[in-house]
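Observations on the model geometry
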Amino acid sequence: MRHIDNSGMDLDGLALAEAVAELVRIPSVNPLHTGPKAEEHGPPGEGAVAHHLAERFDRCGAVEVVLDEVLPGRPNVYGRFPGRSDQLVVLDVHTDTVAVEHMTDPPFDGRIEHGSVWGRGALDSKATMGVMLALLDAMHRDGLRPDPTLLLVGSISEEAGGLLGATRFRPWVEQQGLRIDQLLVAEPTEFRPVHGLKGLVLIEVTTRGVAAHSARPDLGVNAIDAMTPVLAAFAAEHERLQAVPGATELGSGTLSVTRISGGSGGNVIPDRCSITVGRRIVPGEDPGEVLNELAAIACAACPIPCDVVSLLPTTPDGKPASPAFYQRPDSRLVQFLARTCGTEPTVAPFGTNALRYSGLAEELVVFGPGSIEHAHQATERIDIPDLRRLADVLTSWLAPS
């Protein structure tokens, strides 16, 4: 790309910044994160930005634009841009953002200031979508086509709700009979290609006792007391997992109890207690088998009846849908991104849509500008030099001519 200095902001960088800012100004807070501050700017959800993207895809030369309603008013959006070869690449960018209630900045002004674009979603992850739209618009205007065919995806519900957009996109691809060569999932990775993520099994365990007056505990069955050995059993399972050597850079699995609730009053023996348990799984572990193992641990430890339910979406055959994602770091796409950016391949502890895409493409990588450590904060921004750098990387990836 041609760079022209303009007091620290090149003109190409400004165009990229404006493309990102345009998306930031369209609120798309995940409904599970919404609150009064977000609702002042319109209804929650990804509907408005999805329809905007559909229009932008069409103006940028897409030969096919699909609004695929995942939930009422919350569609995925897909745009197909034909290339000069039979290779198919996919860029998946989630369209939802986290809450804005704790933000100290105007959340959706999309201002361009101090060399950055500011506002919720600027970093995570509208930067990548904005840059790609700017590139596609320029290519369309100049009569250029990418070398591979590009399928550009805006997916809902990545920040909360179980990766529902990615969960829906996978069967859509399979129904279309598409063979994906490379799939890039946009997230802030500091331009490091992430080739592995731990998967997740998330369950709720509920013990069911008998209520009674706390003055006569002998007349009841205390559900909280019954949960105590279950907690101890899960703590022991976590320690066991730490003693298992990791087969990849992702290390060993982990287990955490993240929520507990129970009881109805200070003078009532609780007849119910529930905990939420997250089990991070590594390559080689089957989510269905892990789910069964967790249920067995809970039931063996609990002195009274207990229920175990999965809290994540399942595959059509009823299995948990979040296996670990892992790809060898010497794969072609990983090495291309690392070489182009001057970075090193890595793995990451956080979850992304890639957890729904294992095996969907020949090569799968999580990649993008900025750091995940700066996401979800009281202020959010993406630096314009990072947008320029991303534009160069995506241009090389698509190799338009």
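Preceding this section is the structure that the text describes.
Calculation notes
Residues numbered from 1 in each chain as written. Predicted model: local features only at pLDDT ≥ 70, side-chain atom pairs only at ≥ 80, totals over all residues. Heavy atoms only, no water. Helix = DSSP H or I, 4+ residues; strand = E, 2+ residues; numbered from the N terminus. Buried < 20%, exposed > 50% of the residue type's maximum accessible area, 1.4 Å probe, protein only. Axes fitted to C-alpha atoms, helices over the stretch in contact; angles between N-to-C directions. Parallel < 35°, antiparallel > 145°, perpendicular 65-115°, else oblique. Left-handed = near helix turned anticlockwise from the far one by under 90°. Contact = heavy atoms within 4.5 Å. Nonpolar A, V, L, I, M, F, W, Y, C, P; charged D, E, K, R; others polar. Polar contact = N/O pair within 3.5 Å; in protein donor to acceptor, adjacent residues only side chain to side chain. Phe/Tyr/Trp six-rings, centres within 6.5 Å; stacked < 30°, edge-to-face > 60°. Lys NZ or Arg CZ within 6 Å of the ring centre and 35° of its normal. Core = buried A, V, L, I, M, F, W, Y, C linked by side-chain atoms within 4.5 Å.

Within the secondary structure, Pro36 is located in helix α2 (residues 36-39). Owing to a relative accessible area of 60%, Pro36 belongs among the exposed residues under this scheme. Separated by 65 residues in the primary sequence, Pro36 and Glu101 have C-alpha atoms spaced 7.4 Å apart.

Following both chains from N to C, one finds helix α8 (residues 332-341) and helix α9 (residues 384-398) inclined at 140°, their axes separated by 10 Å at the closest point. As summarised for this structure, α8 and α9 are arranged oblique, according to the angle between their axes. Crossing angle aside, the handedness with which α8 passes α9 is right-handed. Across the interface between the two elements, Leu333, Phe336, Leu337, Thr340 and Cys341 of α8 pack against Arg389, Val393, Ser396 and Trp397 of α9. Grouping the amino acids of the contact of α8 with α9 by side-chain chemistry returns 6 nonpolar, 2 polar and 1 charged.

Before going further, it helps to spend a moment on the side chain of Thr207. Relative to the assigned elements, Thr207 resides in strand β9 (residues 199-208). Of the polar contacts made by the side chain of Thr207, one reaches the backbone oxygen of Ala223; its length is 2.8 Å. Aside from chain neighbours lying at most four places away, what touches Thr207 is Ala223, Ala226, Met227, Asp271, Arg272, Cys273, Cys302, Ile304, Pro305 and Cys306.

With that out of the way, let us pick up the packing of aromatic side chains. Any two aromatic rings considered together are summarised by their centre-to-centre distance and by the angle between their planes. Evaluated as defined, the whole model comprises 6 aromatic pairs. Each ring, one from Phe169 and one from Trp172, has its centre 6.1 Å from the other, and the planes form 20°; the classification is stacked. Placement of both Phe169 and Trp172 in helix α5 (residues 164-176) is noted, with a separation of 3 residues, approximately one turn of the helix. In this pair, the class of Phe169 matches that of Trp172, namely buried. Taking the centre distance of 5.9 Å and the plane angle of 80° together, the rings of Phe169 and Tyr357 count as edge-to-face. Of this pair, Phe169 sits in helix α5 while Tyr357 sits in the loop between β16 (346-348) and β17 (361-367), placing them 188 residues apart in sequence. A relative accessible area of 0% places Tyr357 in the buried class. Over the aromatic face of Phe191 sits the side chain of Arg389, whose NZ or CZ is 4.2 Å from the ring centroid.

Time to look at the nonpolar core. Leu387 and Trp397 are the most contacted members of the largest nonpolar core, which has 54 residues in total. When residues in this core are grouped by element, the largest group, 11 residues, is from helix α4 (residues 122-141). Ignoring sequence-local partners within four residues, the contact set of Trp397 consists of Val89, Val90, Leu91, Met132, Pro148, Leu150, Gln182, Leu184, Leu333 and Phe336. If you look at the next biggest cluster of nonpolar residues, it comprises 26 residues, including Val185, Phe325, Leu360 and Leu364.

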